[in-house]
Amino acid sequence: MLGLAPKKSLACGFCGKSETNVDRLLGGRRGNYICDACVSVCNRVLTAAPVDFKGWSAMSDEALLGALPSAEAAVDGARHVLQAQIDELRARNVSWQAIGTALGISRQSAWERFS
């Protein structure tokens, strides 16, 4: 008798959170997914650059200064996603050494930055 294959766990391709750890998960082509938190970060990044973006050097000082708040919001959003991932890993008792290695930094640097 043929059994049913186990259901494949879905996860965000950007932050790696599983479908059970996000509010919403959007599916794309070829089995790619993105969570609502990462969509939010992407929207902030897109808002930071004008649609007709011709490069930073083409912008006036005023326009470039005006773009800083949106860029900062995008960085804050990405920082929030990263901290949430670190918090989840620590809740799972993943070591600071493993986290540091994944980030290409020392265990001590990971602990100082994220604890």
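Keep in mind the model is a prediction, meaning the values are calculated, not measured.

## Concerning the packing of helix α3 (residues 96-103) against helix α4 (residues 107-114)
As a packed pair, α3 and α4 sit with axes 7 Å apart at the nearest point and diverge in direction by 95 degrees. On the basis of the axis angle, α3 is roughly perpendicular to α4. In this structure, α3 contributes Trp96, Gln97, Ile99, Gly100 and Leu103 to the contact, and α4 contributes Arg107, Ala110, Trp111 and Phe114.

## Brief notes about the environment of Thr20
Mapped onto the elements of the fold, Thr20 is located in the segment before β1 (25-27). According to the relative accessible area criterion, Thr20 is exposed, its value standing at 67%. A C-alpha to C-alpha distance of 29 Å links Thr20 and Glu112, two positions 92 residues apart in sequence. Polar contacts involving the side chain of Thr20 include one to the side chain of Ser18, which spans 2.8 Å.

## Looking at the side chain of Lys17
For Lys17, the position within the fold is in the segment before β1. No salt bridge is formed by the buried Lys17. Its closest oppositely charged neighbour is Asp36, at 7.1 Å. Lys17 has contacts with Leu10, Ala11, Cys12, Val22 and Ala84, leaving out every residue within four places of it along the chain.

## With respect to the state of the cysteines
A complete count under the given rule lists 0 disulfides for this structure. No disulfide involves Cys15; its nearest neighbouring cysteine sulfur is the one of Cys35, lying 3.7 Å away. The exposure class assigned to Cys15 is buried, which follows from its relative accessible area of 9%. Unpaired in this structure, Cys42 has its nearest cysteine sulfur neighbour in Cys38, at a distance of 6.6 Å.

What counts, and at which threshold
Residues numbered from 1 in each chain as written. Predicted model: local features only at pLDDT ≥ 70, side-chain atom pairs only at ≥ 80, totals over all residues. Heavy atoms only, no water. Axes fitted to C-alpha atoms, helices over the stretch in contact; angles between N-to-C directions. Helix = DSSP H or I, 4+ residues; strand = E, 2+ residues; numbered from the N terminus. Parallel < 35°, antiparallel > 145°, perpendicular 65-115°, else oblique. Contact = heavy atoms within 4.5 Å. Buried < 20%, exposed > 50% of the residue type's maximum accessible area, 1.4 Å probe, protein only. Polar contact = N/O pair within 3.5 Å; in protein donor to acceptor, adjacent residues only side chain to side chain. Lys, Arg positive; Asp, Glu negative; His and termini not counted. Salt bridge = Lys/Arg side-chain N within 4 Å of Asp/Glu carboxyl O. Disulfide = S-S within 2.5 Å.

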